[in-house]
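Structure assessment
Now for the letters of each chain:
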Amino acid sequence: MIKVSVMYPNTKDVKFDTTYYKNTHLPMVSKACGDALKGIELDLGLVGRTPNEPAPYIAIAHLLFENLVSFQKAFGPNAETFAADLKNYSNVKGELQISELIKF
């Protein structure tokens, strides 16, 4: 199993429409990726290391896929559409990381 994390930095002037992202963008991703997408989690940053420190990321979306090939086949053809939707919910570009998911 792999986890694709899209992390949106919590910059000084960040704008992030959580409602749009949760109710429109992520459902669009889910529909486009179909059965290859095994699950989605959304983290919304609250604080950093201390209660007075801002969270390093305003939001992080985690998408689960069986393997890298299934991710590439499902996500790749739609990547431009997903990227074009950014203007509707944020002014910061997400950083992408693909990780092997190891459960204990």
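This structure is a prediction, so every number in the text was calculated from the model and none was measured.

Turning to helix α2 (residues 68–75), a few remarks are in order. Listed as buried for α2 are Ser 70, Phe 71, Ala 74 and Phe 75. Each buried residue of α2 lies within a common arc of 105° when the element is viewed along its axis, so the set occupies one face. Two or three places before Val 69, at the start of α2, stands the capping residue Asn 67, its side-chain oxygen 3.2 Å from that residue's backbone nitrogen.

The next subject is the side chain of Ser 70. Note on placement: Ser 70 falls in helix α2. Aside from chain neighbours lying at most four places away, what touches Ser 70 is Ala 36 and Phe 65.

In terms of residue burial, strand β1 (residues 2–9) counts as a mostly covered element, since seven of its eight residues are buried. Two strands pair when backbone bridges link them, and β1 and strand β3 (residues 57–65) are joined in this way by eight bridges, in the antiparallel orientation. When the bridges of β3 are listed, Tyr 8 appears paired with Ala 59. Where β1 and strand β4 (residues 95–100) come together, six bridges link them in antiparallel fashion. Each bridged residue has a counterpart across the sheet, and for Ser 5 the counterpart in β4 is Gln 97.

Calculation criteria
Residues numbered from 1 in each chain as written. Predicted model: local features only at pLDDT ≥ 70, side-chain atom pairs only at ≥ 80, totals over all residues. Heavy atoms only, no water. Buried < 20%, exposed > 50% of the residue type's maximum accessible area, 1.4 Å probe, protein only. Helix = DSSP H or I, 4+ residues; strand = E, 2+ residues; numbered from the N terminus. Arc of directions from axis to C-beta. Polar contact = N/O pair within 3.5 Å; in protein donor to acceptor, adjacent residues only side chain to side chain. Contact = heavy atoms within 4.5 Å. Pairing = 2+ DSSP bridges.

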